[in-house]
Amino acid sequence: MSTFKINVTVELLYEDGTTRSYTFENVETEALAALKAKIFAINANENDEYANFYKTFVSNDGAKVWRISSAKYTAIEEEVLYNG
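Thresholds, definitions, all that
- Residues numbered from 1 in each chain as written.
- Predicted model: local features only at pLDDT ≥ 70, side-chain atom pairs only at ≥ 80, totals over all residues.
- Heavy atoms only, no water.
- Helix = DSSP H or I, 4+ residues; strand = E, 2+ residues; numbered from the N terminus.
- Polar contact = N/O pair within 3.5 Å; in protein donor to acceptor, adjacent residues only side chain to side chain.
- Contact = heavy atoms within 4.5 Å.
- Pairing = 2+ DSSP bridges.

**Some remarks on the side chain of Ser-59**
In step 1: You can see Ser-59 is positioned in the loop between helix 3 (51–56) and strand 3 (65–79).
In step 2: Reaching out from Ser-59, the side chain makes a polar contact with the side chain of Asp-16 at a distance of 2.9 Å.
In step 3: Among all residues touching Ser-59, those that are not within four sequence positions of it are Tyr-14, Asp-16, Thr-18 and Arg-20.

**Notes on unusual backbone geometry**
In step 1: The backbone of Asn-26 shows a phi angle near 55 degrees, a positive value even though the residue is not glycine.
In step 2: Structurally, Asn-26 is set in the loop between strand 2 (19–24) and helix 1 (29–32).

**With respect to the pairing of strand 1 (residues 2–14)**
In step 1: As paired strands, strand 1 and strand 3 are joined by 13 bridges and run antiparallel to one another. Looking at strand 3, one finds that Tyr-14 is bridged to Val-65.
In step 2: In this sheet, strand 2 lies alongside strand 1 in antiparallel orientation, the contact comprising 6 bridges. Counted as the bridge partner of Val-10 is Tyr-22 from strand 2.
In step 3: Linking two consecutive strands that pair antiparallel, namely strand 1 and strand 2, is a turn of 4 residues; a positive phi of about 90 degrees is found at Gly-17 within it.

In short, geometric facts, not functional conclusions.
So this is what it looks like as structure tokens:
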């Protein structure tokens, strides 16, 4: 029996120069098609559309997010070889 999942990791760059990574597990395959466009939209933040995102994610010292600096997805397929 095999299992398949996709994890997405984004790295946030804060105004104080620090970074932090967040991993979202079991992302739907269909969501990957919009991932790049969503990151560009968040970084552009036109008309403060993502103001809550910038308020929610702060560094340890309280600095706001400057941008999403990188993102990657990892596809994981596992096969159980022996379950004894």
